[in-house]
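Listed below are the residues making up each chain.
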Amino acid sequence: MTEELAAIQTEALTAIAAAHDDRTLDEARVTFLGKKGRLTVASSCMKDLPKEEKPAMGQALNETRQTITAALENKTEELQSQADAKLLAGIDLTMPGYCLPAGGLHPLTLIRDRAIQILRRLGFSLAEGPEIETEFHCFDALNTPADHPARNEKDTFYFDSGKLLRTHTSSVQIRTMEKAKQMPIRIIAPGSAYRRDEIDATHLSVFNQLEGLYVDKDVRLSDLKGTLEYFFQSLFGEKTEIRFRPHFFPFTEPSFEIDIKLHVKGHEPKWIEVAGCGMVDPAVFSSMSLRRGDETLLPEKVTGFAFGMGLDRLAMIEWGIRDIRRLIENDTRFLSQFA
Ligand code: DAH
């Protein structure tokens with residue numbers, strides 16, 4: 001039997017060495033190791049052997065199987081590298097490859113990320129809320145009563161359910177105050193906002209805002225001013241001039257619009273509006289306290305400031321983009337300038 005095994009091994013190794021492709025190699029594998037292969041048949045004779053010969057024979061069988069298996073593996077690798085070499089033979093490895101243009105970030109993403117980075121340095125963290133909002137979060141809680149012109153059906157997109165596409169990110173102020181566990185609250189919320197505006201060079205029906213809210217024991221108007229001055233000067237350069245122009249927003253008192261002085265070659269400098277802001281109206285805190293059923297946000301206990309800026313507008317200023325529609329057209333001739 002040992003001689004037979006030695007013969008099987010020699011034949012197997014010869015067949016494997018002679019195999020010249022995957023098919024002939026597989027044939028050799030089946031002939032020797034397959035279910036009805038030579039070695040398998042030989043092992044089935046084990047049961048007829050006297051007991052004392054079994055261990056030695058078992059070991060011999062195993063060794064033969066291992067030797068053949070190893071030879072098969074080596075040959076498979078050898079055939080594979082021969083095939084690879086053949087494939088590469090026709091290829092000039094020194095030829096220059098195709099150049100895939102690298103992608104880049106959209107200008108809105110760039111400006112948003114810069115804004116977030118600056119405000120993070122001041123301790124603001126990110127918050128978010130849904131774009132499909134309730135009237136409560138978008139208006140009522142922001143001290144904007146049902147007869148306020150902002151709630152006009154023509155201004156906003158309403159769903160049959162009574163929900164609406166948020167007209168500003170200020171709703172995230174409410175979402176945050178509803179569930180805030182501890183003071184201070186210091187959040188920013190970038191995101192889309194929607195209006196039924198006529199589309200033109202400065203208006204889209206979907207645009208991007210960045211909301212900010214800071215609530216604590218003793219927040220003052222000077223904190224708001226310092227924060228926003230620092231923000232705009234960090235974003236557009238130290239020499240940037242900004243002004244706070246008194247305005248009205250239902251959810252802040254006093255309220256301001258912020259203008260930036262824009263210098264365009266060959267033109268008189270002009271002020272352009274970039275954000276709204278103000279001190280959170282005590283009415284907003286009262287409605288939040290009622291909603292929460294606790295005293296955390298009682299207007300006697302806390303004050304706060306809020307701001308909301310148009311990210312599209314900021315991108316247009318940063319890069320001198322004259323038409324807001326460029327930002328949504330996905331024209332790579334325009335976008336590749338930012339990559
Ligand atoms: N939500 C306002 C808008 O969309 C912008 C705004 C004004 C946000 C004053 C504020 C704020 O947080 O305090 O026009």
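Residues numbered from 1 in each chain as written. Predicted model: local features only at pLDDT ≥ 70, side-chain atom pairs only at ≥ 80, totals over all residues. Heavy atoms only, no water.

Student: Quick one: what's the story with the domain arrangement of the protein chain, residue by residue and with numbers?
Tutor: Assigned domains within the protein chain: domain 1 (2–88) and domain 2 (107–338). If you average the C-alpha positions of domain 1 and of domain 2, the two centres end up 75 Å apart. (Domains from an automatic or database assignment.)

Student: Account for the site of the ligand, naming residues and giving values.
Tutor: What surrounds the ligand is a group of 15 residues, the closest being His168, Ser170, Arg195, Gln209 and Glu211. The contact in question runs from an oxygen atom of the ligand to an N or O atom on the backbone of Phe307, over 3.3 Å. Relative to its unbound accessible area of 350 Å², the ligand is 90% covered by the protein chains. Looking at the shell around the ligand residue by residue, the classes come out as 5 nonpolar, 8 polar and 2 charged. (Near = heavy atom within 4 Å. Polar contact = N/O pair within 3.5 Å; in protein donor to acceptor, adjacent residues only side chain to side chain. Areas by Shrake-Rupley, 256 points an atom, 1.4 Å probe, with all protein chains shown as cover. Nonpolar A, V, L, I, M, F, W, Y, C, P; charged D, E, K, R; others polar.)

Student: Can you lay out the pairing of strand S5 (residues 206–216) for me, pointing to particular residues and giving the numbers?
Tutor: Burial of S5 is extensive: 10 of the 11 residues sit out of reach of the surface. Of the strand pairs in this sheet, strand S4 (residues 185–194) and S5 are connected by 10 bridges, and their pairing is antiparallel. Across the sheet, the residue bridging to Gly191 is Gln209, located in S5. Relative to strand S9 (residues 303–310), S5 runs antiparallel, the two being bridged by 8 bridges. The partner of Leu210 across the bridge, within S9, is Met309. (Buried < 20%, exposed > 50% of the residue type's maximum accessible area, 1.4 Å probe, protein only. Helix = DSSP H or I, 4+ residues; strand = E, 2+ residues; numbered from the N terminus. Pairing = 2+ DSSP bridges.)

Student: So what's going on with a nonpolar patch on the surface? Residues and values would help.
Tutor: A cluster of nonpolar side chains, Leu87, Leu88, Ile91 and Leu93, forms an exposed patch at the surface whose accessible area comes to about 450 Å². Relative to the elements of secondary structure, Leu88 occurs in helix H4 (residues 54–89). On the basis of relative accessibility, which here comes to 45%, the residue Leu88 falls in the partly exposed class. (Patch = residues over 30% accessible without salt bridge, like charges linked within 9 Å, V, L, I, M, F, W, Y side chains within 5 Å. Salt bridge = Lys/Arg side-chain N within 4 Å of Asp/Glu carboxyl O.)

Student: Let's hear about a negative patch on the surface: which residues, and what values?
Tutor: A cluster of acidic side chains, namely Asp155, Asp197, Glu198 and Asp200, defines a negative patch on the protein surface. Along the polypeptide, Asp155 turns up in the loop between helix H6 (135–138) and strand S3 (164–165). You can call Asp155 partly exposed: its relative accessible area is 34%. (Lys, Arg positive; Asp, Glu negative; His and termini not counted. Charge placed at Lys NZ, Arg CZ, Asp CG, Glu CD.)

Student: If you had to explain the sheet that holds strand S1 (residues 125–126) to someone new, which residues and values would you point to?
Tutor: Ordered in space as S1-S4-S5-S9-S8-S7-S6, the 7 strands form an open sheet in which the pairing is mixed. The outermost strands of the open sheet, each flanked by one partner alone, are S1 and strand S6 (242–249). The pairing of S1 with S4 spans 2 bridges and is parallel. Within S4, the position partnered with Ser125 by the bridge is Ile187. Contacts from helix H9 (residues 282–292) reach S5, strand S8 (270–280) and S9 within the one sheet, and its direction differs from that of S8 by about 45 degrees. (Contact = heavy atoms within 4.5 Å. Axes fitted to C-alpha atoms, helices over the stretch in contact; angles between N-to-C directions.)

Student: Any chance you could break down the packing of helix H5 (residues 107–121) against helix H10 (residues 311–319) for me, citing the residues and the numbers?
Tutor: Two numbers describe how H5 lies on H10: the axes approach to 9 Å, and their chain directions differ by 100 degrees. By the angle between their directions, the pair H5 and H10 is classed as roughly perpendicular. Here Pro107, Leu108, Leu110, Ile111, Arg112 and Arg114 of H5 lie close against H10, whose contacting residues are Leu311, Asp312, Leu314, Ala315, Glu318 and Trp319. Tallied by class, residues from the contact of H5 with H10 come to 8 nonpolar, no polar and 4 charged. (Parallel < 35°, antiparallel > 145°, perpendicular 65-115°, else oblique.)

Student: An account of the nonpolar core is needed here, citing residue identities and associated values.
Tutor: One recurring pattern in soluble globular proteins is that nonpolar side chains are buried together. Ranked by internal contacts, the top residues of the largest apolar core, which has 42 residues, are Phe232 and Phe307. Residue contributions to this core peak at 6 residues, all from H5. Residues within four places of Phe307 in sequence aside, it is in contact with Leu119, Phe124, Ile188, Leu210, Glu211, Gly212, Leu228, Gly276 and Cys277. Formed by 21 residues, the second largest nonpolar core is a distinct cluster that contains Ala180, Val215, Phe251 and Val280. (Core = buried A, V, L, I, M, F, W, Y, C linked by side-chain atoms within 4.5 Å.)

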